[in-house]
Amino acid sequence: MSIQDNNRFQAIISHAKEYGFVFQSSEIYDGLSAVYDYGPYGSELKKNIRDYWWKSMTQMHDNIVGIDAAIFMHPTTWKASGHVDNFSDPMIDNKDSKKRYRVDHLIEAHADKLKEKGAEGEGQAAALLDAMDQLLAKEDFAGLKQLIDDNKIVCSVSETCNWTDIRQFNLMFSTEIGSVADDASTIYLRPETAQGIFVNFLNVQKTARMKIPFGIAQTGKAFRNEIVARQFIFRMREFEQMEMQFFIRPGTQKEWYEYWKETRLKWHLSLGIPAEKYRYHDHVKLAHYADAALDIEYEFPIGFKEVEGIHSRTDYDLGRHQQFSNKKLTYFDTEINQHYVPYVIETSIGLDRMFLLVLSHAYDEEDLTKEGGPKDSRVVLRIPPAIAPIKLAVLPLTKKDGLPEIARQIMDDCRPHFRCFYEEKDAIGRRYRRQDAIGTPFCITVDHQTKDDGTVTIRHRDSMLQERIHITEIRNKLAHEIN
Ligand code: GAP
């Protein structure tokens, strides 16, 4: 990460805290690593992103319905899904600093340093990453250890190459249910929401009378004991996912994989985020359940990183739950007169990561200095209006002369339709800047002219342009701009 990008990332983190978007969890006790709380504007923004996803996946698709499954599930779920045996990352410890690294992250960080050395370094980095991908795909841990030794990759704390062997580390959190602490009562906090969908496949298919192809969508918390969790809300131990499992006829997975790959990218672009900030990344090492997988990556200030995964999960999950539960999980396809275990295409996006994406896209330090004038600047969050925490700020120019009463009437008229904010304290310029900083796309100012002709000023956050409109036009204009 360049110094400029690092500064921008740090500025976004500070801004998120200062303006009530994201706080460190349990901050008064010095925080809990990789766990975060969302403040007044953050929780509003998070909810709007979730709603935007939910509406596009369920309301806008005849053949997708939602569920809300419990976080705790029968422990056999995780045996069947493969998470007990396979949900682990290869880790390596430095014997001097005792610091633990995910092997791929350690090697990637070394590759990033090589890239900074110019063309020759770029070539070395590419060769290193290529070798890593091949060894990871074969799960050749001895080979990976050798790669680390051969490249003299050091620990960032001790700066030594004194490494342990590579070991697998399971990422699931476990806890106990009931009062008896034996093995039978050990349960897991779900590491993905997907399994709540799979175990409900037949319940949903039958009760909602769904015909294949159809999807089940869900949003909710997931928990992973991430080892490397340093990048703010990018990698958390408690986070939220928005997942959809799309059940299809076996043999049609390639076309549906392409369909969802494109459809999900379109969803991102529909927020007005530029296409050049996105790219696809095909997986080399496939998860234990997938026959094809890719990431939709976004260019965060910390580089291009995964925000969403599209996975062709075959009939792995339903097949395994059928085997472990001894319950039939087949579907009778009346069009071809056949019973089968459906195949699945999954779309899985992290809500917190999408939140960070929106902040990264929106954060702008704009220089407003006019030629010959004093230095002037503003911090503005150019959040897409559809998901902005506050859509409209209503600001009477002064606290007297009947202006607050008119402004309050506008509030009463608009607040049932979209989130509004009222403020009469401080000079109008300062109030505008505060709204810019939380991403409010529109401000209405009630002034003395309002009393004469019923018009107000509407100020646009991004251009800072102001226009006069009649009070009766506010609601329609806002509804149009927001949608
Ligand atoms: N059901 C499939 C699944 O969970 P994944 O690639 O492990 O796939 C899907 O996760 C998405 O969840 C990721 O693209 C990312 O946006 C989000 N995610 C995963 N781990 C996360 C973490 N530790 N913190 C925040 N978001 C995470």
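Residues numbered from 1 in each chain as written. Predicted model: local features only at pLDDT ≥ 70, side-chain atom pairs only at ≥ 80, totals over all residues. Heavy atoms only, no water.

Colleague: Explain the sheet that holds strand S3 (residues 64–66) to me, please; I cannot follow it from the model alone.
Modeller: Sheet strands associate in pairs through backbone hydrogen bonding, adopting either a parallel or an antiparallel arrangement. Strand order in the open sheet made by the seven strands is S3-S9-S10-S16-S13-S12-S11, with mixed pairing throughout. The open sheet is flanked by S3 and strand S11 (278–282), the only strands paired with a single partner. When strand polarity is set aside, the average angle formed by the axes of neighbouring strands in this sheet is 25 degrees. With five bridges connecting them, S11 and strand S12 (residues 292–300) associate as antiparallel partners. Bridging from a neighbouring strand, Tyr280 pairs with Ile296 of S12. The strands that helix H10 (residues 253–269) touches are S3, strand S10 (238–248), S11, S12, strand S13 (303–314) and strand S16 (343–350); relative to S16, the one it contacts most, it runs at about 20 degrees. Helix H12 (residues 351–362) contacts S10, S11, S12, S13 and S16 of the sheet and is inclined by roughly 35 degrees relative to S12. (Pairing = 2+ DSSP bridges. Helix = DSSP H or I, 4+ residues; strand = E, 2+ residues; numbered from the N terminus. Axes fitted to C-alpha atoms, helices over the stretch in contact; angles between N-to-C directions. Contact = heavy atoms within 4.5 Å.)

Colleague: In this structure, what is going on with the site of the ligand? I would like to understand it.
Modeller: Taken together, 21 residues lie near the ligand, and Glu192, Arg224, Met236, Glu243 and Glu306 sit nearest. Between the ligand and Glu192 there is a distance of 2.6 Å, counted from a nitrogen atom to a side-chain nitrogen or oxygen. Between the ligand and the protein, one listed contact pairs an oxygen atom with a backbone N or O atom of Gly350 at 2.9 Å. Computed on the free molecule, the ligand has an accessible area of 560 Å², of which 93% lies beneath the protein chains in the complex. Contributing elements (two or more residues each) for the shell around the ligand: S10, S13 and S16. The leading source of residues in the shell around the ligand is S13, at six residues. (Near = heavy atom within 4 Å. Polar contact = N/O pair within 3.5 Å; in protein donor to acceptor, adjacent residues only side chain to side chain. Areas by Shrake-Rupley, 256 points an atom, 1.4 Å probe, with all protein chains shown as cover.)

Colleague: When you look at the pattern of salt bridges in this model, what are you seeing that I'm missing?
Modeller: Side chains that differ in charge, positive against negative, can pair when their charged atoms come close. One pass over the full model with this rule turns up 39 salt bridges. Between Asp412 and Arg415 there is a salt bridge, and its shortest N-O distance comes to 4.0 Å. Note on Arg415: relative accessible area 47%, which makes it partly exposed. Asp447 is the salt-bridge partner of Arg468, the closest N and O atoms lying 2.9 Å from each other. Pair noted here: Arg468 is in strand S23 (residues 466–470) and Asp447 is in the loop between strand S21 (442–446) and helix H15 (448–453), with a separation of 21 residues, a long-range link. Judged by relative accessible area, which is 32%, Arg468 ranks as partly exposed. The exposure class assigned to Asp447 is buried, which follows from its relative accessible area of 14%. It is possible to trace a salt-bridge network through shared partners that takes in Asp364, Glu366, Arg378, Arg382, Asp436, Arg459, Arg461 and Asp462. (Salt bridge = Lys/Arg side-chain N within 4 Å of Asp/Glu carboxyl O. Buried < 20%, exposed > 50% of the residue type's maximum accessible area, 1.4 Å probe, protein only.)

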